Amino acid sequence: MSTMRELKGRIGSVQSTQKITGAMKMISSAKLRKAEQAVRGMAPYREQLQATINNLLAADREYESPLTKQRPVQRVALILVASDEGLCGAYNANLYKALLARLTSLHSEYHGSLAVDVYPVGKKVISAVNRTVGVKMCRLDYFQAKSSPEELKRFVGELTASFLNGTYDRVECIYTFYKSVATQIVKNRTLLPVRIEEVPTGKKETRVTPYLYEPDRSAIFESVLPLYVNASFIEACLQSRTSEQGARIMAMQTASDNAGKLLDELRLEYNKLRQQGITNELLDIMGGSIA
């Protein structure tokens, strides 16, 4: 049974922890607002690229590009977008589970004759990926969870070059889609080859006059596709960063609530011991006076 001094120490410790979790929640809330603004700022650019592709496809003509070429898959690059920091609940664990599920699916689809390179983004999944059997972990010094858009563009450019020269036959990205503070969904997005039939159509636009293309449509299509791949990956990274802050807010809120419940239990036990001590002293006094 704990003494009053031990209970008092535990109460102070839990109160300090509750202050820390509350402060971390406030910090994550501020970061979440900035991350949401970044996601909203990316949307118009991506939507314009989609509109351009859709307008080209509306001409009832098929376009060919090296980025859309489907070929037998022998080597796949998987990008796992996680976080550098912890204390965000099951955020990183869910991403790693999705990676394992995707690896199982790929090996089942290609009967095990497949080489997989994994690019882990975030310190919290590097050790787990390094222990994963059947994959090769690839790390780049400049590519991190908080990389700038220029560094992300550089990384996508290198992967695109690897796809074009035949090093990789497919490039996929596993990330977390931000739906709300309480809901983040792990998704898998194929970056290369670009599947035109999977490009979102967006809103239908009415045109009064036809478009005049300069240069020709095929050249524009060739120029827009790399931009679309780059925008798609940057959007996935921004979604992941937003999801990380949302998951951390929920984790810190849960921790604060649990600390509050624990404080109530400790204070109740402390008061019981204190009351018991007072009762014992009164009994001793009454016993002495009777004697």
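Calculation notes
- Residues numbered from 1 in each chain as written.
- Predicted model: local features only at pLDDT ≥ 70, side-chain atom pairs only at ≥ 80, totals over all residues.
- Heavy atoms only, no water.
- Phe/Tyr/Trp six-rings, centres within 6.5 Å; stacked < 30°, edge-to-face > 60°.
- Helix = DSSP H or I, 4+ residues; strand = E, 2+ residues; numbered from the N terminus.
- Buried < 20%, exposed > 50% of the residue type's maximum accessible area, 1.4 Å probe, protein only.
- Expected span 1.5 Å × (residues − 1).
- Bend = angle between axes of the 7 residues up to and from the residue.
- Core = buried A, V, L, I, M, F, W, Y, C linked by side-chain atoms within 4.5 Å.
- Contact = heavy atoms within 4.5 Å.
- Polar contact = N/O pair within 3.5 Å; in protein donor to acceptor, adjacent residues only side chain to side chain.
- Pairing = 2+ DSSP bridges.

Undergrad: If you had to explain the packing of aromatic side chains to someone new, which residues and values would you point to?
TA: Tallied over the full model, the rule gives 5 aromatic pairs. Their ring planes at 15° and their centres at 3.9 Å tell us that Phe-143 and Phe-155 sit as a pair that is stacked. With Phe-143 in the loop between strand E3 (136-137) and helix H4 (149-164) and Phe-155 in helix H4, this pair connects stretches of sequence that are 12 residues apart. Each member of the pair Phe-143 and Phe-155 is classed as buried. Between the aromatic rings of Phe-155 and Phe-233, the centroid separation amounts to 5.7 Å while the plane-to-plane angle is 45°, which identifies the pairing as tilted. Of the two residues, Phe-155 sits in helix H4 while Phe-233 sits in helix H5 (residues 217-290), which places them 78 residues apart along the sequence. Each member of the pair, Phe-155 as well as Phe-233, carries the same accessibility label: buried.

Undergrad: A description of helix H1 (residues 4-57) should follow, citing residues and the corresponding values.
TA: For H1, spanning 54 residues, the distance from its first C-alpha to its last is 76 Å, which sits close to the expected 80 Å at 1.5 Å a residue. The sharpest bend along H1 measures roughly 25° and falls at Ala-43, with the proline Pro-44 sitting one to four residues further on.

Undergrad: Help me get a handle on the nonpolar core, residues and values and all.
TA: Most often, soluble globular proteins have nonpolar side chains that are buried together. Judged by nonpolar contacts, the single largest core of 41 residues is most densely connected at Ile-79, Phe-143, Phe-155, Val-171, Cys-173, Val-194 and Phe-233. Elements that contribute at least two residues to this core include exactly H1, strand E1 (75-81), strand E2 (115-121), H4, strand E4 (170-178), strand E5 (184-192) and H5. Within the second largest apolar cluster, 20 residues are counted, among which are Val-73, Cys-88, Tyr-91 and Ile-174.

Undergrad: I'd like a description of the environment of Glu-235, backed by residues and values.
TA: In this fold, Glu-235 is placed in helix H5. In contact with Glu-235, not counting residues within four places along its chain, are Met-42, Arg-46 and Arg-189. In this structure the side chain of Glu-235 is engaged in a polar contact, spanning 3.5 Å, whose partner is the side chain of Arg-189.

Undergrad: Lay out the pairing of E1 in plain terms, naming residues and giving numbers.
TA: In terms of residue burial, E1 counts as a mostly covered element, since 6 of its 7 residues are buried. Relative to E2, E1 runs parallel, the two sharing 7 bridges. Note that in E2 the partner of Leu-78 across the bridge is Val-118. Relative to E4, E1 is paired through 5 bridges, and the arrangement is parallel. Opposite Leu-80, over in E4, you have Ile-174 as the bridge partner.

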